[in-house]
Amino acid sequence: MKHAVAKIEDPIFDVIQRITDAPAQGGMPSIAVIVDENNLVLGVVTDGDIRKAVCKRVDFNQPVSSIMSKDPVCVEEDLSTEEFIKSAYKKMEDRSSSTGRQINNKVIKISKENKFIDIVNLHLLYRQEDVSQRLIAVYGLGFVGLTLALTLAENKLFEVVGIDVDKNKLEKLKDGVVPFYEVGLPSLLSQVLNEGNFNLSNDSQATQADVHIVSVGTPIDDNGKPIVKFIDDVCNSIGKILKKGDLVICRSTVPVGTTRKHIIPILEKQSNLKAGTDFHVSFAPERTVAGNALKELRVLPQVIGGYTPRCAKLCSSIFEKITKTIVNVDCLESAEVVKLINNTYRDLVFAFSNEVSYLCDRYNLDAFNVIQAANEGYPRNPIPTPSPGVGGTCLSKDPHLYGCHNNQNEFKEICLGNASREINKKGVDYVCWQFNKFLKRMHLKAKDLPILVMGLAFKGLPETSDYRNSPGVDLIQELKKMGCHVSVYDAVLKKSDMAEFGKVYDEASAALKGHKAVFFMNNHPYNTKFELYSGLKSLAAPALVFDGFGLINKNEVQSIDGITYSTMGFMSQ
């Protein structure tokens, strides 16, 4: 940044030219700092001084000392931002009282030796410090971005603009239509639209935001490697509009080191600004669960890591408006690791439970009963129940990101995340194994058999409409490869979302009749909240009931003639 700087003997005309040229070079407009040969501050010349000189018909070939203000407001550099603002305002008030003149908002930052360092726009600095005055842009209005954007906008807490490249999604949101199921989200969207402090745009270059929150997806390829194209696109766009004092918050889940080594260089290249000095960068991971996100945004501790302590403080000042607990960590990488270990640990403990069920299968043991017995009265290691696969975008992706590193000088390979994924991906294979065992026992062929899959969302509780990486969907694909005729039911998904998978049933009670097998693939209570056993009697015996989440009383099912009950680790004889 090149401010207008002049020596005391420079002609007024030359100084005017430097003031004119300064903004194009990133300098402060309307002011020049006058220094001596040692860079000590002697005074300033502002547009106001020049206008007065014009009125007095001063010869512009005279030295600038003839019109400069000799006592500018100067504040030393080694103060905190809060202390800098207080000191500057105190000096301005004192100066205004003694001279009777209104002091402008430009303050000269100096060293202890009174040497010139920078020109600070005090109003802009104050606005940067007061987060309530900031315009927040959230880039990417999926599950992560939209829930956060609306929470920040709720009750006019902040002015927020949501940015997304999907114009169809934006039009629906403007009409109050949420593109996915999340408890309380439609009413909150309607509220903030009516309050007028939440706007939508597909043009990131048009925003004048002060805070930029990156919440786009980071999918993985077939080899488990991250695809960072969406982050690259957003950061290139932000970099082109980034201005001094802005804050960039990364909320997308990324491999460790991505913010420092990948995101910051893009922002610096596009903006020609320096991270930590000209603009601020923090990582604030999203850790909410689909189906309960709005509540958890306000009750879960928010972990924050900053490029500098100042970066972390600014980020904290935003999130402390919506949650009571802020957990500050040492650096960007610490915050990145937090998100990855939270989800990788969950995937790992689920993998252990699922592997237990595969062990139980060798001895035809009900894994739910075995794990319940292990947990009963034993406080040291509560084991979760197994499932026919662990889906969703987070747990199917984050363990891979946990093990994704560029450093070749590692003490030991990071492999548990990949191991948990390998185990959990076998869930659907296990279900197919049970189905084939049933077919062999009953001397049946899979081709043309009518099959019902109940539960397409990747989980049942908390409720969600997200069927990405869903074990239920994966099972349907395998059943179709076997030649089965598949019908489907889900308590939350829209009928239009399920049409591609097979015949869609609106009600669980009507779905069972005539099917040769039914697979309960998520734990939504509506999967079994009806006259279940009457419905099971309407299956086309011999028929299979696969209870992937231990939802059903197996003794009652086994009492029905012609019905084989199966669950994780067990199949009735």
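Please read these numbers as outputs of a predicted model, since none were measured by experiment.

J.: Any chance you could break down the overall build of the protein for me, citing the residues and the numbers?
T.: A tally of helices and strands in the protein yields 20 helices and 21 strands. Relative to the 2.2 N^0.38 estimate, which gives 25 Å for 573 residues, the radius of gyration of the protein is 32 Å and therefore markedly larger than a compact globule would have. Considered along the principal axes of its C-alpha atoms, the protein spans approximately 110 × 55 × 40 Å. Per-residue burial for the protein yields a buried fraction of 50% across its 573 residues. Taking the contacts inside the protein whose residues are at least 6 apart along the sequence as the reference set, 70% of them involve residues at least 24 apart. Working note: accessible area of the protein is about 27100 Å², and carbon and sulfur atoms make up 50% of it. In the protein, 67 side chains carry a positive charge and 68 a negative one; their mean positions are 2 Å apart.

J.: Describe the nonpolar core, with residues and values.
T.: Judged by nonpolar contacts, the single largest core of 40 residues is most densely connected at Phe435, Leu475, Leu479 and Phe519. Of all the secondary structure elements, the ones that give two or more residues to this core are helix H12 (332–362), helix H13 (367–375), helix H16 (427–442), strand E15 (450–454), helix H17 (471–481), strand E16 (485–489), strand E18 (517–520) and strand E19 (543–547). Take this core: its biggest share by element is 7 residues, from H16. The residues touching leucine 479, leaving out its near neighbours within four places in the chain, are Phe435, Ile451, Val453, Cys484, Val486 and Phe519. Of all hydrophobic cores here, the second largest spans 39 residues; its members include Phe143, Val178, Leu200 and Leu294.

J.: Account for the state of the cysteines, with residues named and values stated.
T.: Applying the stated criterion to the full structure yields 0 disulfides. No disulfide involves cysteine 331; its sulfur sits 12 Å from the nearest other cysteine sulfur, which is in cysteine 311. On the basis of relative accessibility, which here comes to 21%, the residue cysteine 331 falls in the partly exposed class. Cysteine cysteine 484 is unpaired, with the sulfur of cysteine 432 as its nearest cysteine sulfur at 9.0 Å.

J.: Give me the packing of helix H15 (residues 416–425) against H16: which residues, what numbers.
T.: Two elements in contact, H15 and H16, have axes separated by 4 Å at closest approach and are oriented at 25 degrees. In this view, H15 runs roughly parallel relative to H16, as classed from their interaxial angle. Facing Ile423, Asn424 and Lys425 of H15, the residues of H16 in contact are Gly427, Val428 and Asp429. Here the residues of the contact of H15 with H16 are counted per class, giving 2 nonpolar, 2 polar and 2 charged.

J.: Account for the sheet that holds strand E5 (residues 106–110), with residues named and values stated.
T.: Sheet architecture is open: 3 strands sit in the order E4-E5-E6, paired in mixed fashion. Looking at strand neighbours, the two that pair on one side only are strand E4 (74–76) and strand E6 (116–121), the edges of this open sheet. Between one strand and the next, the sheet's axes are offset by a mean angle of 35 degrees, whatever the strand orientation. Summarising the sheet, E5 and E6 pair through 5 bridges and their orientation is antiparallel.

J.: So what's going on with the side chain of threonine 564? Which residues, and what values?
T.: Structurally, threonine 564 is set in strand E20 (residues 563–567). Threonine 564 gets classed as buried once you look at its relative accessible area, which sits at 5%.

J.: I'd like to hear about the sheet that holds strand E1 (residues 4–7), residue by residue, with values.
T.: What the 3 strands build is an open sheet, ordered E1-E2-E3; its pairing is mixed. Only two strands of the sheet have a single neighbouring strand rather than two, namely E1 and strand E3 (41–46). Strand-to-strand twist of the sheet, defined as the mean angle between neighbouring strand axes without regard to direction, takes the value 30 degrees. Judged from the 4 bridges that link them, E1 and strand E2 (residues 31–35) form a sheet pairing that is parallel. Following the sheet pairing, alanine 6 is matched in E2 by isoleucine 34.

J.: Describe empty space enclosed by the protein, listing the residues and the values that go with them.
T.: Per the counting criterion, the structure on display carries 1 cavity of 30 Å³ or more. Quantified by volume, the largest cavity comes out at close to 80 Å³. Taken together, 13 residues line the largest cavity, and the ones lying closest to its centre are Arg251, Glu296, Leu300, Pro301 and Gln302. By residue class, the composition of the lining of the largest cavity is 6 nonpolar, 3 polar and 4 charged.

J.: Got a sec to walk through the domain arrangement of the protein? Specific residues and values, please.
T.: Taken domain by domain, the protein holds domain 1 (5–128), domain 2 (136–330) and domain 3 (426–571). On a C-alpha basis, the centres of domain 1 and domain 2 stand 37 Å from each other. Summed over the shared surface of domain 1 and domain 2, the number is 1 salt bridge. For the salt bridge of aspartate 118 with lysine 244, the shortest nitrogen-to-oxygen distance reads 3.2 Å. Where domain 1 touches domain 2, the interface holds 1 residue pair in polar contact (both at pLDDT 80 or more).

J.: Give me the layout of surface pockets: which residues, what numbers.
T.: Here the second largest pocket defines a volume of roughly 1000 Å³. Secondary-structure elements contributing two or more residues to the lining of the second largest pocket are helix H3 (81–99), E6 and helix H4 (122–129). Counting residues per element, the lining of the second largest pocket draws most heavily on E6, which supplies 5 residues. Looking at the lining of the second largest pocket, its residues break down into 13 nonpolar, 14 polar and 7 charged.

J.: Give a detailed account of the packing of aromatic side chains, specifying residues and quantitative values.
T.: For the structure shown, the criterion picks out 6 aromatic pairs. Each ring, one from phenylalanine 519 and one from phenylalanine 546, has its centre 6.1 Å from the other, and the planes form 45 degrees; the classification is tilted. Of this pair, phenylalanine 519 sits in strand E18 while phenylalanine 546 sits in strand E19; the two residues are 27 residues apart in sequence, bridging distant segments of the chain. On the basis of relative accessible area, phenylalanine 546 is assigned to the buried category, the value being 0%. Among the aromatic side chains, those forming a connected cluster through ring pairs are Phe435, Phe519 and Phe546. The ring of phenylalanine 84 carries the charged tip of lysine 109 above its face, separated from the ring centre by 5.7 Å.

J.: Residue-level account of H16, with values.
T.: For H16, with 16 residues, the first-to-last C-alpha span of 23 Å sits near the 22 Å given by 1.5 Å per residue. At the C-terminal side of H16, histidine 443 shows a positive phi close to 55 degrees.

J.: Lay out a nonpolar patch on the surface in plain terms, naming residues and giving numbers.
T.: A contiguous nonpolar patch, built from Leu359, Tyr363, Leu365 and Val370 and spanning about 380 Å² of accessible area, is present on the exposed surface. Structurally, valine 370 can be placed in helix H13.

Parameters at a glance
Residues numbered from 1 in each chain as written. Predicted model: local features only at pLDDT ≥ 70, side-chain atom pairs only at ≥ 80, totals over all residues. Heavy atoms only, no water. Helix = DSSP H or I, 4+ residues; strand = E, 2+ residues; numbered from the N terminus. Rg over C-alpha atoms; globule rule 2.2 N^0.38 Å. Buried < 20%, exposed > 50% of the residue type's maximum accessible area, 1.4 Å probe, protein only. Contact = heavy atoms within 4.5 Å. Areas by Shrake-Rupley, 256 points an atom, 1.4 Å probe, with all protein chains shown as cover. Lys, Arg positive; Asp, Glu negative; His and termini not counted. Charge placed at Lys NZ, Arg CZ, Asp CG, Glu CD. Core = buried A, V, L, I, M, F, W, Y, C linked by side-chain atoms within 4.5 Å. Disulfide = S-S within 2.5 Å. Axes fitted to C-alpha atoms, helices over the stretch in contact; angles between N-to-C directions. Parallel < 35°, antiparallel > 145°, perpendicular 65-115°, else oblique. Nonpolar A, V, L, I, M, F, W, Y, C, P; charged D, E, K, R; others polar. Pairing = 2+ DSSP bridges. 1 Å grid on protein atoms, 1.4 Å probe; cavity = no way out; pocket = protein on both sides within 12 Å on 5 of 7 lines; lining within 4 Å. Points joined across faces, edges and corners; volume = space filled by probe spheres on them. Domains from an automatic or database assignment. Salt bridge = Lys/Arg side-chain N within 4 Å of Asp/Glu carboxyl O. Polar contact = N/O pair within 3.5 Å; in protein donor to acceptor, adjacent residues only side chain to side chain. Phe/Tyr/Trp six-rings, centres within 6.5 Å; stacked < 30°, edge-to-face > 60°. Lys NZ or Arg CZ within 6 Å of the ring centre and 35° of its normal. Expected span 1.5 Å × (residues − 1). Patch = residues over 30% accessible without salt bridge, like charges linked within 9 Å, V, L, I, M, F, W, Y side chains within 5 Å.

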